[in-house]
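Listed here are the chains, written in short residue letters.
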Amino acid sequence: MIRVLALDLATVTGWAADGPDGIKPVGGTLKLNYSKDDNGEGLADCRDGVARLINLNKPTHVAIEAPVPVTSHGRIENLVDTAQTVRWLLGLVGVVEELVYHAGLECIEASAQDVRADFCGHRFAGKAGVMERLQQLGWSYSDNNEADAKALWYHVKVNLDPSYTPQRSVTIGRRAGT
């Protein structure tokens with residue numbers, strides 16, 4: 001049986017894991033202490049929080065959304081902030097990959113576009129589309145971080161777990177003519 005812990009890594013990290021019914025995930029958020037001057041405390045928060053989630057949820061796979069630089073229409077905006085953001089996000093990924101390795105689990109990385117294609121029916125649905133799809137399914141979420149983690153959980157389940165048979169017919173967040 002495949003059990004998934006999905007993480008949307010950021011200063012507020014969304015998480016989702018197999019729920020008791022096996023169809024709907026449970027989830028929440030972890031608030032990490034981030035400072036542009038020193039990532040150490042936030043990375044330690046990430047290590048502690050993800051270790052607790054692994055211990056609590058007993059996953060076989062841990063999924064992370066691939067980190068990407070902040071862009072606007074394909075152009076990197078504010079290079080200094082973007083470089084710091086990339087450093088922070090890659091640090092979070094490194095912490096999670098090390099934890100997963102030591103726990104003997106499999107780590108999976110997926111792009112936001114691939115996740116949204118599976119979850120919303122459209123690669124460029126956006127955060128609003130993800131939240132609309134969650135509402136359609138009757139899945140609760142506290143914020144867009146948890147929403148993204150639940151979409152990632154779904155993506156991994158439909159692609160790796162042959163016993164998972166969710167409602168799939170949907171297109172969310174797609175403008176007419178695109």
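Up top is the structure these notes are about.
Q: Looking at this model, I keep getting lost on the packing of aromatic side chains. Mind explaining?
A: The description of two aromatic rings rests on the distance between their centres and on the angle between their planes. Under the counting rule described, the total for this entry stands at seven aromatic pairs. On the basis of an interplanar angle of 55° and a centroid distance of 4.6 Å, the ring pair of Tyr-34 and Trp-88 is categorised as tilted. Taken as a pair, Tyr-34 in the loop between strand E3 (25-31) and helix H1 (40-57) and Trp-88 in helix H2 (residues 79-103) lie far apart in primary sequence, 54 residues in all. Overall, Trp-88 belongs to the buried group, its relative accessible area being 3%. Look at Phe-119 and Trp-139: their rings are 6.0 Å apart centre to centre, the planes differ by 40°, and that puts the pair in the tilted class. With Phe-119 in helix H3 (residues 112-120) and Trp-139 in the loop between helix H4 (126-137) and helix H5 (144-160), the pair connects residues that are 20 residues apart, well separated along the chain. The exposure classification of Phe-119 matches that of Trp-139, with both residues buried. A connected cluster of aromatic rings, assembled from ring pairs, spans Phe-119, Trp-139, Trp-153, Tyr-154 and Tyr-164. Cation over ring: Arg-133 sits above Phe-119, and NZ or CZ is 5.9 Å from the ring centre.

Q: Hey, could you run me through the pattern of salt bridges in this one?
A: Between side chains of opposite charge, a pair can form when the charged atoms approach closely. In the structure shown here, the tally under the stated rule is seven salt bridges. Of the charged contacts, one joins Asp-148 and Arg-116 as a salt bridge, the two residues approaching to 3.8 Å between their closest N and O atoms. With Asp-148 in helix H5 and Arg-116 in helix H3, the pair connects residues that are 32 residues apart, well separated along the chain. We note that Asp-148, like Arg-116, is buried. Here the residues in one salt-bridge network are Asp-18, Lys-157 and Asp-161, joined through shared partners.

Q: Explain H5 to me, please; I cannot follow it from the model alone.
A: Every α-helix winds through 3.6 residues per turn, so residues three or four apart in the chain are directed the same way. Across its 17 residues, H5 extends 24 Å between first and last C-alpha, which sits within 8% of the 24 Å expected from 1.5 Å per residue. Burial analysis of H5 places 14 of its 17 residues in the buried class, the great majority of the element. The N-capping residue of H5, defined by a side-chain oxygen 3.0 Å from the backbone nitrogen of Asn-145, is Asp-143.

Criteria and cut-off values
Residues numbered from 1 in each chain as written. Predicted model: local features only at pLDDT ≥ 70, side-chain atom pairs only at ≥ 80, totals over all residues. Heavy atoms only, no water. Phe/Tyr/Trp six-rings, centres within 6.5 Å; stacked < 30°, edge-to-face > 60°. Helix = DSSP H or I, 4+ residues; strand = E, 2+ residues; numbered from the N terminus. Buried < 20%, exposed > 50% of the residue type's maximum accessible area, 1.4 Å probe, protein only. Lys NZ or Arg CZ within 6 Å of the ring centre and 35° of its normal. Salt bridge = Lys/Arg side-chain N within 4 Å of Asp/Glu carboxyl O. Expected span 1.5 Å × (residues − 1). Polar contact = N/O pair within 3.5 Å; in protein donor to acceptor, adjacent residues only side chain to side chain.

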